[in-house]
Amino acid sequence: MKFDLDEAVKIANQAVSLRANRSFTDVEVIVLKGAWHRQDYDEIAAQHQYAASYISQDVAPKLWKALTEALGEKVKKSNFKQVLERYWQQQCASNTPLSEGYKKDKDISQEVTEKSDESNHRQQEQPELLTPDHYVERSPIETTCYKTLLQPGSLVRIKAPSLMGKTFLVTKVLALLTAQSYRTASLSFKLADRKIHFTNLDKFLRWWCSNLSRELGLPNELDEYWDEEDMGSKVSCTTYFEDYLLAQGDSPLVVCLDDVDLLFPHPEIYEDFFGLLRSWYEKARSRQRWKKLRLIIVHSTDVYIRLNINQSPFNVGLPIELSEFSPLQVQELAQQHGLEPDISLVEPLMKLVGGHPYLLEQAFSHLKSHPETTVEQLLAEAPMLC
């Protein structure tokens, strides 16, 4: 038997199924296949009409983490083939039957793959917007954000505690804007190295511009525009945006800055950076090229830092604050998991976790994966599951 892509998907699905009692999702199979063919995350996202940030910052990290936990060694995009092949060889050498359980996993994997291929075929026939699994609309927030970002030089501020669905909301809105031929880029400040990028303004701004270029599929041209000694970092960054990033075609550019509250403990960075964002927002009032820039600022905590009122991006634009799900939204989430959204399910869960999207997602996923578990048992086990 030869170790190929099909075997890799099957053995990976088996390992995750045995460890986490779940099978791969369609999008996880898509990422695994793309990585096998040495595609980068932007290519995978573009080919299957997903937001690049959703693939690179959400699906892929979770996929490699799940495989790491299932296989007992570090798995990443650069080594997953070798790790999976070793695991496959061990199974073959020990003559461990993949058994009925593995056969079931193979069937599931094949079904997921077929569903993925069928979905891709449908997309080629009739393109449609894709959003993360189990997305519950927060009407009218999506429409409000979308319509605001259609306006020249607009800015939207989204605030909510961690795991409340900010990233899913942004992914949804960016997908709508991408469908209007807007260029979009989303970058989480969690990806920065705090010891390097949060201690020096020039290094931070270069990191930010470099990664935005990558998100947009553009070559890194920092050396062409950057002159820290004569112009300074802020002017260099502004020039890079105005003469390079914004100059690429006539379509508007939507930039999402996620997890900006990670900058709050670093005044040596945030004072200049937030002032820079505010200055760009003001430029859009009078300068045509800057009208193409639309900003989304996402944070989890209150803005407790002290900023000059005229240099702050937190007192302009559209403020959005996400609240917990309503009972109707919780029922919709239950339905998306294939569960009956009756009172006996929704009310006890909401008494325990309220309308917190992530905790409800965990609960419904557990019930879906363990159909023999009753709501009462889940509530009793809840502290252990958390």
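Keep in mind it's a predicted model, so treat the numbers as computed, not measured.

Enquirer: Sorry, what's going on with the packing of aromatic side chains here?
Expert: Inspection of every chain in the model, using the stated rule, returns 24 aromatic pairs. With a centroid separation of 6.0 Å and 15° between ring planes, the pair formed by W208 and W280 is classed as stacked. Residue W208 is located in helix α10 (residues 201–215), and its partner W280 is located in helix α13 (residues 267–283); the two are separated by 72 residues in the primary sequence. By relative accessible area, which is 1% here, W280 ends up buried. The ring of W36 is capped by K81, whose NZ or CZ atom sits 4.6 Å from the centre of that ring. Sitting over the face of the ring of Y281, R285 holds its NZ or CZ atom 4.5 Å from the ring centroid.

Enquirer: Would you take a moment to explain the sheet that holds strand β3 (residues 253–258) for this structure?
Expert: In a beta sheet, neighbouring strands pair by backbone hydrogen bonds and run either parallel or antiparallel. Pairing within the open sheet is parallel, and its 5 strands lie in the order β2-β3-β4-β1-β5. Of all strands in the sheet, those with a lone pairing partner are β2 (183–188) and β5 (318–321), marking the two edges. Within the sheet, the average angular offset between the axes of one strand and its neighbour, ignoring direction, is 15°. Sheet topology places β2 next to β3; 6 bridges connect them, and they run parallel. Among the inter-strand pairings, S188 is bridged to a residue of β3, identified as D258. Where helix α7 (residues 141–149) meets the sheet, its contacts fall on β1 (155–159), β4 (293–299) and β5, and the angle it forms with β5 comes to roughly 160°.

Enquirer: Explain the packing of α10 against α13 here, please?
Expert: The axes of two packed helices give the description: the angle between them and the distance between them. Two numbers describe how α10 lies on α13: the axes approach to 9 Å, and their chain directions differ by 50°. In terms of orientation, α10 lies oblique with respect to α13. The two elements α10 and α13 meet at a crossing, and its hand is right-handed. Across from L201, F204, L205 and W208 in α10, the residues of α13 making contact are E268, I269, D272, F273, L276, L277 and W280.

Enquirer: Would you take a moment to explain the pattern of salt bridges for this structure?
Expert: Any two side chains of opposite charge can pair, so long as their charged atoms come close to each other. Enumeration according to the criterion identifies 11 salt bridges in this entry. A salt bridge links E73 to R86, with the nearest nitrogen and oxygen atoms 2.8 Å apart. Taken together, the positions of E73 in the loop between α4 (52–71) and α5 (80–93) and R86 in helix α5 put the pair 13 residues apart, joining distant regions of the chain. Residue class for R86 comes out partly exposed when judged on its relative accessible area of 37%. A cluster of three or more residues bridged by salt bridges with shared partners is formed by K159, D302 and E321.

Enquirer: Help me understand the nonpolar core in this model?
Expert: Side chains of a nonpolar character, in soluble globular proteins, are inclined to be buried together. Of all hydrophobic cores here, the largest spans 46 residues; its most connected members are F189, W208, F241, L257, F273 and F274. Among the secondary structure elements, those contributing two or more residues to this core are β2, α10, α12 (233–245), β3, α13 and β4. Those residues in contact with W208, other than ones at most four positions away along the chain, are L187, F189, C237, F241, V255, L257, F273, L277 and W280. Among the nonpolar cores identified, the runner-up in size contains 38 residues, and L5, V27, A60 and F80 belong to it.

Enquirer: Got a minute to help me understand the side chain of S236 in this structure?
Expert: On the secondary structure map, S236 appears in helix α12. We classify S236 as buried; its relative accessible area is 0%. At 2.8 Å, the side chain of S236 and the backbone oxygen of G232 are in polar contact. Those residues in contact with S236 that sit more than four places away from it in its chain are Y225, W226, D227, E228 and M231.

Enquirer: Before we go on, may I ask you to explain the pairing of β1 in this structure?
Expert: In the case of a regular strand, side chains alternate between the two sheet surfaces. Counting buried positions along β1 yields 5 of 5 residues, so the element is predominantly enclosed. Where burial is concerned, the two faces of β1 agree: the one with L155, R157 and K159 and the one with V156 and I158 are both buried. Bridge analysis of β1 against β4 gives 5 bridges, and the strand direction is parallel. If you follow K159 over to β4, its bridge partner there is H299. For β1 and β5, the ladder comprises 4 bridges, and the chain directions are parallel. Across the sheet, the residue bridging to R157 is P319, located in β5.

Parameters and conventions
- Residues numbered from 1 in each chain as written.
- Predicted model: local features only at pLDDT ≥ 70, side-chain atom pairs only at ≥ 80, totals over all residues.
- Heavy atoms only, no water.
- Phe/Tyr/Trp six-rings, centres within 6.5 Å; stacked < 30°, edge-to-face > 60°.
- Helix = DSSP H or I, 4+ residues; strand = E, 2+ residues; numbered from the N terminus.
- Buried < 20%, exposed > 50% of the residue type's maximum accessible area, 1.4 Å probe, protein only.
- Lys NZ or Arg CZ within 6 Å of the ring centre and 35° of its normal.
- Pairing = 2+ DSSP bridges.
- Axes fitted to C-alpha atoms, helices over the stretch in contact; angles between N-to-C directions.
- Contact = heavy atoms within 4.5 Å.
- Parallel < 35°, antiparallel > 145°, perpendicular 65-115°, else oblique.
- Left-handed = near helix turned anticlockwise from the far one by under 90°.
- Salt bridge = Lys/Arg side-chain N within 4 Å of Asp/Glu carboxyl O.
- Core = buried A, V, L, I, M, F, W, Y, C linked by side-chain atoms within 4.5 Å.
- Polar contact = N/O pair within 3.5 Å; in protein donor to acceptor, adjacent residues only side chain to side chain.

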